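Fold and geometry: a report
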Amino acid sequence: MSMFSSQTSSFQDSIDVEERDDFDSEEIAAYSQKIHLNCYYTIYLYQGTRSESSGENGAWSRRRADSTTSQDDFSLTLIDSSLPSEAEPELRTYISRRLSKGALLGGMGNIAAVDLSIPEQAVGCYCCLLEQERSPEQPEADGNGYVICFMGGSEKGLNLFRLELDKYVQGLHGSLQTPELQNLETEVRPYLSQWFEESVMHIHRVVQLVQSSISFLLHAALSHKHVEVINSDERTKADVSRFIKAASLQGLSQQDATSTSLCKAISEDTQSDLIIDCSTSPPTLTNTISNRFCDGWIQAFLNAAERCNPFLLRQILENFKLKAIQDMNGLKRFVRQAEMSHYALFRCAQFLQSCGNGDVLLQNARAEHSDLPEACSIIGVLEEFLSEQSQA
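First, a word on what this report is: a plain description of the structure on this page. Just so it is clear, the model here is predicted, and its values are computed rather than measured.

1. Side note on the overall build of the chain
- A count of helices and strands for the chain gives 19 helices and 9 strands.
- Residues classed as buried in the chain amount to 52% of the 392 residues present.
- Working note: accessible area of the chain is about 19000 Å², and carbon and sulfur atoms make up 50% of it.

If you want it as structure tokens, here you go:
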């Protein structure tokens, strides 16, 4: 438990108990050692009985009779799996049960805990049914497709990466054109083998890359600042871009139109881009801005990264955003009250000073209240107060 008790109080206090959906103490204790996760994948051919397979496909299916499970209205044929041989039939039985209950919808991943004969025994399992496109020539090819399963970590952990996993599975569409999958070894298997690295580990890689400079990235994400990565490979650029997107509040706060205009205004000012130059190790960052709020989260990120725990890292990132949103909503309340009372204005100033995130909150509040002159003048007073405080 030492990893959590050593974190700053801003992190401890950051999660409203009602909204808390993070790891319980047993899981955290288990994670205080460095964890090594085994990850597995499996892909099945799914055939609805109404579709008559061609002779060639029929022969291919018969060759694989030992790896097929048939229910009344569909069959499930193993194409490839990295699971131990005794665990795969257990997974197939589980998937068949899900399919017969209609619990797998095309294109939407389903996450649950499954018990398999593997070292971890109970493991998080993401499974998704990818239906084949229906062609005009074969309108009766009803419900054919592939079931793709990824196993690793816990159900709760995988749930934090649901969107990434859905997107990753969709990336297979172009490679799954024929039931025989002649491109299995060249395309499909290498892609499936990389699911954990590509969908789950990107936040971990970014924290490992920038270390305690992570606060500059958090600040950039909250303040809609453009981040440019130079002298690096494409994967690192993509990782940083995904991290910034995951840490930003766009789409979460009730100010999308204003945050869009704010992004536009800030991105036009290229002098302020945060630049990460990877030609040095560690990378050199220029145009760096942080604040007390973002600095308060550094240790939590470093602790989780040191223990190679991508799930805990994602939860910390979600808690960081939740706290920022709560503070933003708090500021909005104060600004509304300050229009009526000088005491509320004083409390508002105190709040901005203590939260450590005043610059970001005021920047967002100014964009959101741009058409409300009274609120704007209050925000102006508060900005002046904060700049005086920082100079003092």
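2. As for the sheet that holds strand β7 (residues 227-230)
- Taking strand neighbours across the sheet as the criterion, the 3 strands line up as β7-β8-β9 in an open arrangement whose pairing is mixed. This sheet does not close on itself; its edge strands, each paired only once, are β7 and β9 (284-286). Here the strands of the sheet are splayed against their neighbours by 15 degrees on average, with no regard to which way each runs.
- Here 3 bridges tie strand β8 (residues 274-277) to β9, and the two strands are oriented antiparallel to one another. The residue bridging I276 from the neighbouring strand is L285, located in β9.
- Sitting on the sheet, helix α11 (residues 214-222) touches β7, β8 and β9, and the angle it makes with β8 is about 145 degrees.
- Those strands touched by helix α12 (residues 234-247) are β7 and β8, and its axis lies near 165 degrees from that of β7.

3. Notes on the packing of helix α16 (residues 310-338) against helix α18 (residues 358-368)
- Contact geometry of α16 with α18 gives a least axis separation of 10 Å together with a crossing angle of 55 degrees. It follows that α16 is oblique to α18 by the angle criterion. In terms of crossing hand, the pair formed by α16 and α18 is right-handed. Contacts from A324, D327, M328, L331 and K332 of α16 reach α18 at L361, L362, N364, A365 and E368.
- Residues belonging to the contact of α16 with α18 are distributed by class as follows: 6 nonpolar, 1 polar and 3 charged.

4. Focus: the nonpolar core
- One finds I148, F150, L217 and F243 to be the most contacted residues of the largest nonpolar core, which totals 87 residues.
- The element contributing the most residues to this core is α16, with 13 residues.
- Each residue touching F243, except ones within four places of it in the same chain, is listed here: I203, V206, I214, L217, L218 and L317.
- Counting 24 residues, the second-largest nonpolar core is a separate cluster that includes L91, A112, V123 and C125.

5. Describing the pattern of salt bridges
- As enumerated under the stated definition, the model contains 13 salt bridges in all.
- Close ionic contact of R189 with D80 constitutes a salt bridge, the shortest N to O distance being 2.8 Å. A residue pair is termed long-range when its members are at least 10 positions apart, and R189 in helix α8 (residues 184-193) and D80 in strand β3 (residues 74-81) qualify at 109 residues.
- The buried category is assigned to D80, whose relative accessible area is 9%.
- Residues joined in a network through salt bridges with shared partners are E197, E198, R205, R235 and D239.

6. Let's talk about the packing of aromatic side chains
- Tallied over the entire structure, the rule returns 14 aromatic pairs.
- Consider the rings of F196 and F311, whose centres lie 6.2 Å apart with planes at 70 degrees: the pair is edge-to-face. With F196 in helix α9 (residues 195-199) and F311 in helix α16, this pair connects stretches of sequence that are 115 residues apart.
- Relative accessible area serves as the criterion here: at 9%, F196 is assigned to the buried category.
- For F311, a relative accessible area of 0% corresponds to the buried category.
- The residue whose ring lies beneath R314 is F161, and the NZ or CZ to ring-centre distance is 4.9 Å.

7. Focus: the environment of Q121
- The topology assignment puts Q121 in the loop between β4 (110-115) and β5 (122-131).
- On the basis of relative accessible area, Q121 is assigned to the exposed category, the value being 53%.
- Along the sequence, Q121 and A87 sit 34 residues apart, while their C-alpha atoms lie 9.6 Å from each other.
- Q121 has contacts with V114, D115 and L116, leaving out every residue within four places of it along the chain.

8. Thoughts on the side chain of N110
- Following the sequence through the fold, N110 ends up in strand β4.
- You can call N110 buried: its relative accessible area is 16%.
- Here the side chain of N110 touches R98 through a polar contact of 3.1 Å, side chain to side chain.
- Sequence-distant contacts of N110, that is, excluding residues within four places in its chain, are made with R98, A103, L104, C125, Y126, C127 and R162.

9. A closer look at the environment of R189
- The class of R189 is partly exposed, set by a relative accessible area of 28%.
- Each C-alpha atom, one on R189 and one on Y41, is 9.2 Å from the other, the two residues being 148 residues apart in sequence.
- Setting aside its immediate chain neighbours within four residues, R189 contacts Y41, D80 and L184.

Rules used in this analysis
Numbers given to residues run from 1 along each chain, matching the order in which its sequence is written. Local features are withheld for residues below a pLDDT of 70 in this predicted model, meaning they are given only at 70 or higher, and side-chain atom pairs are given and counted only at 80 or more; totals for whole chains, interfaces and linings count all residues. Computation of side-chain values: all heavy atoms of the structure, hydrogens and water removed. Per the convention used, a helix needs a DSSP run of H or I reaching at least four residues, while a strand needs a run of E reaching at least two, with both numbered from the N terminus. Residue exposure (1.4 Å probe, protein chains only): buried if accessible area is under 20% of the type maximum, exposed if over 50%, otherwise partly exposed. For accessible areas, the Shrake-Rupley method is used with a probe of radius 1.4 Å. Any residue's cover is judged against the shown protein chains and nothing else. By definition, two strands form a pair when at least two bridges between them are found by DSSP. Interaxial angles span 0 to 180 degrees and are taken between N-to-C directions of axes, which are lines fitted to C-alpha atoms, for helices over the stretch in contact. By definition, residues are in contact when any of their heavy atoms lie within 4.5 Å. An angle counts as roughly parallel when it lies under 35 degrees, as roughly antiparallel when it exceeds 145, as roughly perpendicular when it falls between 65 and 115, and as oblique in every other case. By the definition used in this description, the sense in which the near helix is turned from the far one sets the handedness, with an anticlockwise turn below a right angle giving left-handed and a clockwise turn giving right-handed. Amino acid classes used here: Ala, Val, Leu, Ile, Met, Phe, Trp, Tyr, Cys and Pro are nonpolar; Asp, Glu, Lys and Arg are charged; the rest, including Gly, are polar. Nine residue types can take part in a nonpolar core, namely buried Ala, Val, Leu, Ile, Met, Phe, Trp, Tyr and Cys, and a core is a set of them joined through side-chain atoms within 4.5 Å. Put simply, a salt bridge is a Lys or Arg side-chain nitrogen that is within 4 Å of an Asp or Glu carboxyl oxygen. Pairing of aromatic rings covers Phe, Tyr and the six-membered ring of Trp, with a centre-to-centre limit of 6.5 Å; geometry is then stacked below 30 degrees between planes, edge-to-face above 60, and tilted otherwise. Any Lys NZ or Arg CZ found within 6 Å of a ring centre and within 35 degrees of that ring's normal is scored as a charge over the ring. Polar contact criterion, stated in full: a pair of N or O atoms within 3.5 Å, where within protein one must be able to donate a hydrogen and the other to accept it, and residues adjacent in sequence count only if both atoms are side-chain atoms.

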